[in-house]
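Fold and contact review
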Amino acid sequence: MASATTSWSEENFSCSICLDVFSSPVSTPCGHNFCRTCVTKFWDEQVKYKCPVCNELFNTRLDLRVNILFSEMVDRFGTSLRVKEQPCVESAEIPCDVCTGTQLKAVKSCLMCLTSYCQTHLEPHHRVAGLKKHRLVEPMDRLDDRMCKKHDRLLELFCKTEQVCVCQFCTETDHKSHPVIPLKEEYEVKTAQLGKIQAEVKQMIQERQKNIQDIKDTVKRSKADADREIADGVQVLTALMRCIEKCQDDLNQMVKEKLKSTEKQAEDLIKELEQEIEDLTNRSSEVKRLSHTKDHLHFLQAFRSLKDPPPTRDWTTVEVRPPSYVGTLRRSLDQLEETLNMEMKKLRDAELKRVQQYEVDVTLDPDTTHPELILSEDGKQVHDGGVVKELPDNPKRFTWYRFVLTRQSFSSGRFYFEVQVKDKTGWFVGVARESIDRKDKANWTPEEGYWTLLYFQNGLVFRDDSHVRLPLRAELQKVGVFVDYDEGLVSFYDVEARVHLCSATGCTFSEPLFPILCPEIHKGGINSAPLIISIVNQTD
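Structural notes, computed from the coordinates. It should be emphasised that the depicted structure is a prediction, and the values quoted were computed from it without experimental measurement. (Residues numbered from 1 in each chain as written. Predicted model: local features only at pLDDT ≥ 70, side-chain atom pairs only at ≥ 80, totals over all residues. Heavy atoms only, no water.)

1. Considerations on the overall build of the protein chain
Scanning the protein chain for helices and strands turns up eight helices and 23 strands. Radius of gyration (C-alpha) of the protein chain: 55 Å, far over the 24 Å computed for a compact globule of 540 residues. The principal-axis extents of the C-alpha atoms in the protein chain amount to approximately 190 × 100 × 35 Å. By the burial criterion, 35% of the 540 residues in the protein chain qualify as buried. Within the protein chain, contacts between residues at least 6 apart in sequence are counted, and of these 58% link residues at least 24 apart. In the structure as shown, the protein chain presents an accessible area of about 34200 Å², 53% of it carried by carbon and sulfur atoms. Side chains of the protein chain carry 74 positive and 85 negative charges; the gap between the two charge centres is 2 Å. (Helix = DSSP H or I, 4+ residues; strand = E, 2+ residues; numbered from the N terminus. Rg over C-alpha atoms; globule rule 2.2 N^0.38 Å. Buried < 20%, exposed > 50% of the residue type's maximum accessible area, 1.4 Å probe, protein only. Contact = heavy atoms within 4.5 Å. Areas by Shrake-Rupley, 256 points an atom, 1.4 Å probe, with all protein chains shown as cover. Lys, Arg positive; Asp, Glu negative; His and termini not counted. Charge placed at Lys NZ, Arg CZ, Asp CG, Glu CD.)

Structure representation (structure tokens):
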């Protein structure tokens with residue numbers, strides 16, 4: 001008997017929950033032994049009371065008492081025994097649901113018990129006949145989610161109608177008429193779809209990464225533009241400050257030289273006057289002395305020398321005139337203005353070159369052309385033909401005004417184009433939004449969707465809320481149009497003179513913008529020249 005007892009293995013004296021030697025062992029009706037503390041704690045965490053090993057359910061929570069005989073055997077034979085070490089659970093691993101204290105790594109999960117087991121706690125599933133039929137899978141978490149909440153059965157089917165996981169009982173009730181397939185089949189279908197989704201997500205990520213790079217590039221370009229603008233400003237303002245300082249120095253020197261010349265003249269005259277006063281004072285003294293002489297001979301001899309007075313200037317015609325400074329400051333400012341004009345010319349040239357970098361290639365759209373206008377084959381020229389042609393009815397076509405739009409429109413960013421207006425007595429150039437009325441009269445103002453420059457009766461007019469008549473220094477040859485859609489800016493330039501004509505700022509654009517041209521009517525050959533969309537030449 002003693003021999004049989006001593007041949008027991010270490011597992012005979014270890015709790016299957018804590019995997020340590022029994023402490024106050026108790027026995028369940030199904031014949032399994034546990035530490036009293038371990039099984040009590042295990043039941044505290046359960047809704048149903050069952051055996052931690054074989055999962056036999058008990059109607060009520062058992063009031064277990066210590067097995068005295070088994071406890072004495074443990075004290076006698078199991079004091080130094082320990083279960084072989086197993087790996088403890090680590091991060092991202094599934095823990096054993098039965099272990100208390102230090103949790104061991106689960107090696108399998110039971111889909112019937114809805115419990116994950118370490119190697120030791122899994123042992124009954126390999127030994128007990130009823131447990132051997134349970135379905136064991138690789139360790140997984142959230143096993144409760146795999147049970148049907150309504151029927152408390154394993155979710156092992158997929159309803160294709162409602163796209164949800166169901167149990168076998170669901171197919172006989174709520175989903176009776178719905179097509180269902182095993183989870184594995186739907187898994188394979190969804191896995192294939194997942195590849196497509198993953199590719200789409202990857203593409204979306206790449207697009208957003210490109211957007212980020214575009215934004216960074218924009219910020220980089222903006223910084224470069226800002227640095228260049230600051231550098232140009234510093235250069236111009238420094239030159240102006242130098243010019244102002246030089247003008248001030250020249251003005252000071254000129255005034256001081258005039259004042260110095262006047263002071264020198266006055267000083268010389270004063271010296272001359274003082275010398276005459278001295279000579280006259282001496283003569284006065286001699287006359288006074290002679291007047292007191294009683295010697296007739298001496299008086300007559302001395303009086304003879306007093307007959308001729310000392311030579312003096314006629315001071316009635318002599319005067320010191322203060323210097324005139326009239327025109328001195330003006331001449332200095334004229335020099336400053338000349339320097340300023342030179343710097344402004346450099347700035348205008350630089351500004352035009354900068355906007356010309358945003359040149360776009362646009363061609364005129366025949367579908368929008370007024371029936372009286374004639375386009376060139378390349379879509380770059382338009383002139384008034386004088387005769388209304390029969391054309392197909394087109395909602396895009398202008399029928400009231402002699403307008404034509406380009407094929408191209410712009411909804412963001414910046415763009416620039418040039419139109420030759422040489423030899424014309426009337427024309428209309430600018431941009432318009434897509435929704436402008438093409439069949440009736442319009443005011444050609446920003447409120448109605450037009451941002452345009454108009455030339456007629458030898459005058460240049462910017463069509464705004466209140467029309468602005470612009471100075472025309474010389475006959476315009478070519479007009480440049482620049483638009484910054486995002487900044488709400490429309491600017492017009494005299495390309496040949498390299499002069500900024502006018503700008504509309506603070507505009508709000510909410511739809512595509514089209515370049516718009518109008519060659520105006522011609523009579524008897526007057527104003528018959530075409531408007532020409534020309535190639536930008538930045539070397540002009």
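2. Some points on the pattern of salt bridges
It is possible for side chains of opposite charge to pair when their charged atoms get near one another. This structure, assessed with the given rule, holds 20 salt bridges. Residue Lys-223 is joined to Asp-227 by a salt bridge in which the shortest nitrogen-to-oxygen separation is 3.1 Å. Linking Lys-223 with Asp-227, this pair stays in helix α6 (residues 183-291), spanning four residues, or about one helical turn. The exposure class assigned to Lys-223 is exposed, which follows from its relative accessible area of 54%. We classify Asp-227 as partly exposed; its relative accessible area is 38%. Note that Asp-225 is salt-bridged to Arg-228, the shortest N-O span being 2.6 Å. A residue pair is termed a helical-turn pair when its members lie 3 or 4 positions apart in one helix, as Asp-225 and Arg-228 do in helix α6 at three residues. (Salt bridge = Lys/Arg side-chain N within 4 Å of Asp/Glu carboxyl O.)

3. Here we look at empty space enclosed by the protein
In this approach, a probe sized like a water molecule rolls over the atoms, and the result shows the empty space that is left. In the structure shown here, the tally under the stated rule is one cavity of 30 Å³ or more. Approximately 40 Å³ is the volume found for the largest cavity. Every residue lining the largest cavity is listed: Val-421, Lys-424, Trp-427, Tyr-455, Glu-475 and Leu-476. For the lining of the largest cavity, the class distribution of residues is four nonpolar, no polar and two charged. (1 Å grid on protein atoms, 1.4 Å probe; cavity = no way out; pocket = protein on both sides within 12 Å on 5 of 7 lines; lining within 4 Å. Points joined across faces, edges and corners; volume = space filled by probe spheres on them. Nonpolar A, V, L, I, M, F, W, Y, C, P; charged D, E, K, R; others polar.)

4. Considerations on the environment of Leu-240
Position of Leu-240 relative to the elements: it lies in helix α6. For the pair formed by Leu-240 and Glu-343, sequence separation is 103 residues and the distance between their alpha carbons is 8.4 Å. When neighbours within four sequence positions are excluded, Leu-240 is seen to be in contact with Leu-336 and Leu-340.

5. As for the packing of aromatic side chains
One pass over the structure, following the stated rule, counts 16 aromatic pairs. Between Tyr-358 and Phe-482, the aromatic rings sit 5.9 Å apart at their centres with planes inclined by 45°, giving tilted as the arrangement. Separated by 124 residues along the polypeptide, Tyr-358 in the loop between α8 (328-356) and β11 (373-375) and Phe-482 in strand β19 (residues 478-484) bring together distant segments of the chain. Among the residues examined, Phe-482 registers a relative accessible area of 7% and is labelled buried. (Phe/Tyr/Trp six-rings, centres within 6.5 Å; stacked < 30°, edge-to-face > 60°.)

6. A word on the sheet that holds strand β23 (residues 531-534)
Strands sit in the order β11-β12-β23-β14-β19-β20-β21 across an open sheet of seven strands; the sheet is antiparallel. One side of each edge strand has no neighbouring strand; the edge strands of this open sheet are β11 and β21 (499-504). Going from strand to strand, the sheet's axes swing by 20° on average, the running direction of each strand aside. Pairing of strand β12 (residues 381-384) with β23 involves two bridges; the strand directions are antiparallel. Looking across to β23, one finds that Gln-381 is bridged to Ile-532. (Pairing = 2+ DSSP bridges. Axes fitted to C-alpha atoms, helices over the stretch in contact; angles between N-to-C directions.)

7. Digging into unusual backbone geometry
Within the chain, Asn-55 stands out as a residue other than glycine whose phi angle is a positive 65°. Considering the arrangement of structural elements, one finds Asn-55 in the loop between β3 (49-50) and β4 (57-58). For Asn-55, a relative accessible area of 15% gives the class buried. The residue Glu-520 is not glycine, and still its phi comes out positive at about 65°. Mapped onto the elements, Glu-520 comes out in the loop between β22 (513-518) and β23.

8. Notes on the layout of surface pockets
Taken as a whole, the largest pocket spans an internal volume of roughly 990 Å³. Lining the largest pocket are 34 residues, with Lys-50, Met-112, Cys-113, Leu-114 and Asp-144 positioned closest to its centre. Residue classes in the lining of the largest pocket are distributed as 18 nonpolar, five polar and 11 charged. The space that makes up the second largest pocket amounts to roughly 640 Å³. What lines the second largest pocket is a set of 23 residues, and nearest its centre among them are Asp-225, Arg-354, Tyr-358, Arg-414 and Phe-482. Top element by residues in the lining of the second largest pocket is α6. It accounts for eight residues. Split into classes, the residues belonging to the lining of the second largest pocket amount to seven nonpolar, six polar and 10 charged.

9. A few points about the pairing of strand β14 (residues 414-420)
With five of its seven residues buried, β14 lies for the most part within the structure. For β14 and β19, the ladder comprises seven bridges, and the chain directions are antiparallel. Across the sheet, residue Phe-417 finds its bridge partner in β19, namely Val-481. Alignment of β14 against β23, held across three bridges, turns out to be antiparallel. Considered in β23, the bridge of Gln-420 is made with Ile-532.

10. Observations concerning the packing of α6 against α8
Angle between the axes and distance between the axes are the two parameters that describe a pair of packed helices. Contact geometry for α6 and α8: axes closest at 9 Å, N-to-C directions at 170°. The angle between α6 and α8 falls in the class roughly antiparallel. The residue makeup of the contact of α6 with α8, split by class, is 13 nonpolar, four polar and nine charged. (Parallel < 35°, antiparallel > 145°, perpendicular 65-115°, else oblique.)

11. Here we look at the sheet that holds strand β5 (residues 108-110)
Pairing is antiparallel in the open sheet, where three strands are placed in the order β6-β5-β7. Edge positions in the open sheet fall to β6 (115-117) and β7 (136-137), since each of these has one partner strand only. Two elements, β5 and β7, share two bridges in a ladder whose sense is antiparallel. Looking across to β7, one finds that Ser-109 is bridged to Val-137.

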